[in-house]
Amino acid sequence: MESGAGKHWTEEEVKALLSVWSEKNIRKQLHGTLRNKGIFIYIAKRLQELGVCRDWKQCRAKYKNLKYEYRTVKYAHNSGDVTKTMKFFHDLDAILRYEPVIQLAAEENGRCSATETPPEWTEVFCGYWISIAYLNYHFPSQIFQ
């Protein structure tokens, strides 16, 4: 079976990737995990079920490239340049504009607590999310809720 290494992604392959990426559980995991090899192994497996033969590294590279290009176009649009565009922009906008947002509220003891956060995830720094279970395991002296 051909691995697809060095082969450009077809429009159908990108649509299949976007279809898997748009699933709520996948979006949540991609947004909340820094070490995401396992997620991309799963995405590659799902793509194989859809007839797309790509390995996890190719899936991750395409994901990163699409996300970078999307953010570049989005920034241009927000700066008033509506002429900059990309293929699949509206699909990516539908996926990426719903990334979880955290609101921090100061508590009396000076610490911040998250409000309206998915119960099993918390933002640790500027849009980087992490599992609360991970934090509790690695930092048992702290209290993460």
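Cut-offs applied
- Residues numbered from 1 in each chain as written.
- Predicted model: local features only at pLDDT ≥ 70, side-chain atom pairs only at ≥ 80, totals over all residues.
- Heavy atoms only, no water.
- Helix = DSSP H or I, 4+ residues; strand = E, 2+ residues; numbered from the N terminus.
- Buried < 20%, exposed > 50% of the residue type's maximum accessible area, 1.4 Å probe, protein only.
- Areas by Shrake-Rupley, 256 points an atom, 1.4 Å probe, with all protein chains shown as cover.
- Arc of directions from axis to C-beta.
- Contact = heavy atoms within 4.5 Å.
- Axes fitted to C-alpha atoms, helices over the stretch in contact; angles between N-to-C directions.
- Parallel < 35°, antiparallel > 145°, perpendicular 65-115°, else oblique.
- Nonpolar A, V, L, I, M, F, W, Y, C, P; charged D, E, K, R; others polar.
- Salt bridge = Lys/Arg side-chain N within 4 Å of Asp/Glu carboxyl O.

- Taking an unreviewed UniProt entry as the reference, the chain is identified by name as Myb/SANT-like DNA-binding domain-containing protein belonging to Apteryx owenii.

Thoughts on the overall build of the chain
Inference 1: When helices and strands are tallied, the chain shows 6 helices and 4 strands.
Inference 2: Mapped in sequence order, the helices and strands of the chain form the string α-α-α-α-α-β-β-β-β-α.
Inference 3: Expressed as a percentage of the 145 residues in the chain, the buried residues total 34%.
Inference 4: Just so you have it, the chain exposes about 9,900 Å², and 53% of that area is on carbon and sulfur atoms.

A closer look at helix H5 (residues 89-96)
Inference 1: Three or more residues of H5 are buried, namely Phe89, Leu92, Asp93, Ile95 and Leu96. Buried residues in H5, looked at end-on, bunch into an arc of 165°, giving them a common side.
Inference 2: Of the surrounding secondary structure, the elements contacted by the buried residues of H5 are helix H1 (11-21), helix H2 (24-32) and helix H4 (56-78).

Some remarks on the packing of H1 against H4
Angle between the axes and distance between the axes are the two parameters that describe a pair of packed helices.
Inference 1: Look at H1 against H4: their axes get within 11 Å of each other, and the N-to-C directions meet at 85°. As summarised for this structure, H1 and H4 are arranged roughly perpendicular, according to the angle between their axes. Counting all contacts with H1, which are made through Val14, Leu17, Leu18 and Trp21, the residues of H4 involved are Lys62, Tyr63, Leu66 and Lys67.
Inference 2: Residues of the contact of H1 with H4, tallied by class, amount to 6 nonpolar, no polar and 2 charged.

Overview of the packing of H4 against H5
Inference 1: At a minimum axis distance of 10 Å, the contact between H4 and H5 shows a crossing angle of 95°. Comparing the axis directions of H4 and H5 gives the class roughly perpendicular. Along its contact with H4, which presents Leu66, Lys67, Tyr70, Val73, Lys74 and His77, the element H5 presents Phe89, Leu92, Asp93 and Leu96.
Inference 2: Partitioning the contact of H4 with H5 into residue classes produces 6 nonpolar, 1 polar and 3 charged.

Some thoughts on the pattern of salt bridges
Inference 1: One pass over the full model with this rule turns up 7 salt bridges.
Inference 2: With a shortest N-O distance of 3.2 Å, Glu11 and Lys15 are connected by a salt bridge. Residue Glu11 and its partner Lys15 are located together in helix H1, separated by 4 residues, close to a single helical turn.
Inference 3: Glu23 is paired through a salt bridge with Arg46; the nearest N and O atoms lie 2.8 Å apart. Remark: Arg46 occurs in helix H3 (residues 37-49) and Glu23 occurs in the loop between H1 and H2; sequence separation between them is 23 residues.

With respect to H1
An α-helix turns once every 3.6 residues. As a result, residues three or four positions apart point the same way.
Inference 1: Every buried residue belonging to H1 is among Glu13, Val14, Ala16, Leu17, Leu18, Val20 and Trp21, and all of these are buried.
Inference 2: Against H2, H3, H4 and H5 lie the buried residues of H1.

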